[in-house]
Amino acid sequence: MTFPTGRRARLILTAIAATAAIAAITVTAVTVSAGTVRAAASAPPGGSAGQTLRQLRPTAAPAGWRHLTLPNGTAVLSYPPGLRPLAGDRDAVSAARLSPGGAFQLYLNATPQQGGERLAHWAVFRLHLLRSDDAASARLVAAAQGIKFRGGTGSCVMDRYVTRIGGHHFQEIACLVQGHTAASVVVAAAPAAHWATAQPLLLRAVAAYLVR
Amino acid sequence: MSLKLTTSAASLALLAVLAAGCGTAAATHHAAPNPAAPAHHHAGQMHAANPIPQGNAGDQDADNNGGPSDGDGNI
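The sections below set out a description of the structure shown in this document. (Residues numbered from 1 in each chain as written. Chains lettered and ligands numbered in written order. Predicted model: local features only at pLDDT ≥ 70, side-chain atom pairs only at ≥ 80, totals over all residues.)

## So, the overall build of chain B
Counting its regular elements, chain B contains one helix and zero strands. For chain B, with 75 residues in total, the buried portion stands at 20%. (Helix = DSSP H or I, 4+ residues; strand = E, 2+ residues; numbered from the N terminus. Buried ≥ 20, exposed ≤ 12 C-beta atoms within 10 Å, placed from the backbone.)

The structure is reproduced here in structure tokens:
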């Protein structure tokens, strides 16, 4: 086979090489730039929600609130008037306020530590559990560690998820709290659409959570 | 010889373009949000990755019926 060896052929090939090199540099630059933007956008969120978690302070429940003690005696969940105890797991306690139609408006739960929950990776654990259990999707809003509780220290996560059944959108604060003798989880949730109004009461309940 | 060198340069440059293109695809894949799962499911529907069946077929928790998730460790 014979190849062209004239000056014109060399010029054409050189031009192709130069164009391709410029294109490669441009594509790479755009990719790096876009990746930087995406990385910034997907950085762990915090902001005011993170500040809300970090500002949690252990505070006794107001007068008039009722209390549910875990069957193993290691924690006490306090709940405000308007909520009522709810049946659930035998080793856990729950209280909720339901709408006349039976929809959850406010939800509180306390459960003993059961599996691989650890303070250091609580947020990851909780989101993974939600996605693998009863949520079609779940996303982190904020997370914080080293939060003081009545009788212990905890890690908290605020997240939003959509239930597999019914497609209900909930927002929650879930904290793994280590006491002197045992660890447990306290959950405070409300429909995501009503989170702004529900949050103060739910935060109060979380702040009142007592561990032993 | 000159032709060979020029041809090799062109080939390398084209490979660079292809590699950059693949890199873009990979970065996009990582950055893309998870596809939204269907919002509505029928009661009783089970999911392979879900050790507690939904739709009141599990431990009777509210979270197996579309309610808020409790604090259990899924065991």
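## A closer look at the sheet that holds strand β9 (residues 183-191) of chain A
Residues and elements named next belong to chain A. Judged by pairing direction, the sheet is antiparallel, and its seven strands sit side by side in the order β3-β4-β5-β9-β8-β7-β6 without closing on themselves. Of all the strands in the sheet, just β3 (84-86) and β6 (135-149) have a single pairing partner and so form its edges. This sheet shows a mean twist of 20° between the axes of neighbouring strands, independent of strand direction. With six bridges joining them, strand β4 (residues 93-98) and strand β5 (residues 104-112) adopt antiparallel strand pairing. Within β5, the residue paired with A96 across the bridge is Y107. Its contacts with the sheet put helix α3 (residues 122-132) on β6, β7 (152-163) and β8 (169-178), and the angle it makes with β6 is roughly 155°. Of the strands in this sheet, β5, β8 and β9 touch helix α4 (residues 195-207), which is tilted by about 160° from β9. (Pairing = 2+ DSSP bridges. Axes fitted to C-alpha atoms, helices over the stretch in contact; angles between N-to-C directions. Contact = placed C-beta atoms within 7 Å.)

## Digging into the nonpolar core
All names here are of chain A. Ranked by internal contacts, the top residues of the largest apolar core, which has 60 residues, are L77, C156, C175, V186, V206 and Y209. A per-element tally of this core places β6 first, with nine residues. With residues up to four places along the chain from it excluded, the contact list for C156 reads L53, L56, A143, A144, I147, I173, A174 and C175. (Core = buried A, V, L, I, M, F, W, Y, C linked by C-beta atoms within 7 Å.)

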